[in-house]
Amino acid sequence: MRYQLTAIESPCPVCGEAQGRLLYQRTAEQAAQHFVLREKEPARHERLVAAIRRLWQGNEVALVECAGCGFVHAEPHVGGDMEFYTLAYDRTHYPRDKWEFTQSVQAITADPRLREIGLENLRVLEVGAGEGNFLRQLIAAGLRPENLAATDFSEYGRQQIASLGVRVFGKDVRELTPADLPGPAHVICLFQVLEHLDDAVGLFARFAELGTAGVVVLAGVPAPRRMAFNETNGSLLDMPPNHIGRWTPRALEKLAERTGWRLDAVAIEPEGAGAKLSQFAKFGYLRAMQDSGSLANRVERMSGGGAQTLARAGLAAAYTARRLPAALKLASDGTLGNVMWMRLSRG
Ligand SMILES: [Zn+2]
């Protein structure tokens, strides 16, 4: 897909700049097809279309890149709700380990100011903690479960987190109050969460209320250059209403400026060529199968079995071969890692 890049007036939710560039538009039908194939599960697909229309209060979404800070915002700027996620995803996969976990554990354990407080005294809040895999790493590093707190919408996830001895809430972090926590948080973490949320300004105001005077935020989001690369090279689109904001370092600076935080560090995942190419092949197939005239779409209508598995692998390879120059660029470009990690602080 090529971005349209036409000028559009659409105020940026992060920096307030009125001018933007239109990247692309999608209908509710096209968005639903990204998550659930019409040809495979027609009833569920139709319900998803209706759920997306209800969220958008209309039939179309526009992806707009802010001319000021580069933040890409979905308009309408509305994230998915419980009905959307129930229909769009069968189950959530929680990776045991992620680069941003390791990066954040290091940032906590190596920080001289946090070390002074003592790891056994550190209070950490994790927003959208899944089944607690990052919290487990913190406990292994010497933090005490009773000093940790977390939120997650998944009941299964909350059970897993509670079994670690960590207090956990099934509500939006913006509804938490300081009294909910073991004490003001020294560190607040959120991994693959920020890109789903609207009102980042309100979120960081709440973080300031929930944290100590010098509270630190550590977060991981999809890397903006990689998302643009995917979208313009036949991989999956960064589809709303799942993701509704694509963060850039400049947008993070603007957010910090507006809300009284400081952006201390930004890093891009040093992802290996193998991991990048495996995602490129998989996403190329998943993108192609959304087109009802494609071979991948026909393969998805098969009723499982070895022939389908073989056809999927063969087509993924063929779609990759057709995009070979892009595959080579992705594999060799060290700045195209999948995740952008950041550290912000107050005071
Ligand atoms: Zn902006």
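What you see is a predicted model, and the numbers here were worked out from it, not measured in a lab.

A. Seen up close, the domain arrangement of the protein. According to the domain assignment, the protein contains domain 1 (6-88), domain 2 (99-272 + 335-345) and domain 3 (275-332). Taken together, the contacts link five residues of domain 1 with six residues of domain 3. Partitioning the side of domain 1 that touches domain 3 into residue classes produces one nonpolar, two polar and two charged.

B. Highlighting the nonpolar core. Counting residues in hydrophobic clusters, the biggest one holds 90 residues, and the most contacted among them are Leu-48, Ile-52, Val-124, Val-187, Ile-188, Cys-189 and Ala-219. Contacts of Ile-188, omitting those with residues within four sequence positions, involve Leu-125, Val-127, Phe-207, Leu-210, Gly-211, Val-215 and Val-217.

C. Structural context of the sheet that holds strand β9 (residues 211-222). Judged by pairing direction, the sheet is mixed, and its seven strands sit side by side in the order β7-β6-β5-β8-β9-β12-β11 without closing on themselves. In this open sheet, the two edge strands, each paired with only one partner strand, are β7 (167-169) and β11 (262-268). Averaged over all pairs of adjacent strands, the angle between their axes in this sheet comes to 15°, without regard to strand direction. Here six bridges tie strand β8 (residues 185-191) to β9, and the two strands are oriented parallel to one another. Bridging from a neighbouring strand, Cys-189 pairs with Leu-218 of β9. The sheet contacts of helix α4 (residues 99-109) involve β8, β9, β11 and β12 (339-345), and relative to β12 the element is tilted by about 25°.

D. Main features of the packing of helix α11 (residues 273-288) against helix α13 (residues 306-322). Relative orientation of the contacting elements α11 and α13 amounts to 100°, with a least axis distance of 8 Å. By the angle between their directions, the pair α11 and α13 is classed as roughly perpendicular. Of α13, the residues touching α11 (which contributes Phe-280, Ala-281, Lys-282, Gly-284, Tyr-285 and Ala-288) are Arg-312, Leu-315, Ala-316, Ala-317, Tyr-319 and Thr-320. Each residue belonging to the contact of α11 with α13 can be placed in one class, and the counts come to eight nonpolar, two polar and two charged.

E. Local environment of unusual backbone geometry. Of note, the amide linkage connecting Glu-75 to Pro-76 takes the cis form, showing an omega dihedral of 5°. Note on placement: Pro-76 falls in the loop between β4 (72-75) and α3 (82-88). Note the cis peptide between Pro-240 and Pro-241, where omega equals 5°. If you trace the backbone, Pro-241 turns up in the loop between α9 (224-232) and β10 (245-246). We note that Leu-5 has phi near 60°; this positive angle belongs to a residue other than glycine. Mapping Leu-5 onto the fold places it in the segment before β1 (6-9).

F. Expanded view of the environment of Tyr-156. The residue Tyr-156 is located in helix α7 (residues 155-162) in this model. Classification of Tyr-156 by C-beta neighbours within 10 Å gives partly exposed; the count is 13.

G. Geometry of α4. Listed in full, the buried residues belonging to α4 are Glu-100, Phe-101, Ser-104, Ala-107 and Ile-108. All buried residues of α4 project into a common sector of 130° when viewed along the axis, lining one side. As for α4, its buried residues are in contact with α5 (112-117), α6 (133-140), β8, β9 and β12.

Rules used throughout
Residues numbered from 1 in each chain as written. Predicted model: local features only at pLDDT ≥ 70, side-chain atom pairs only at ≥ 80, totals over all residues. Domains from an automatic or database assignment. Contact = placed C-beta atoms within 7 Å. Nonpolar A, V, L, I, M, F, W, Y, C, P; charged D, E, K, R; others polar. Core = buried A, V, L, I, M, F, W, Y, C linked by C-beta atoms within 7 Å. Buried ≥ 20, exposed ≤ 12 C-beta atoms within 10 Å, placed from the backbone. Pairing = 2+ DSSP bridges. Helix = DSSP H or I, 4+ residues; strand = E, 2+ residues; numbered from the N terminus. Axes fitted to C-alpha atoms, helices over the stretch in contact; angles between N-to-C directions. Parallel < 35°, antiparallel > 145°, perpendicular 65-115°, else oblique. Arc of directions from axis to C-beta.

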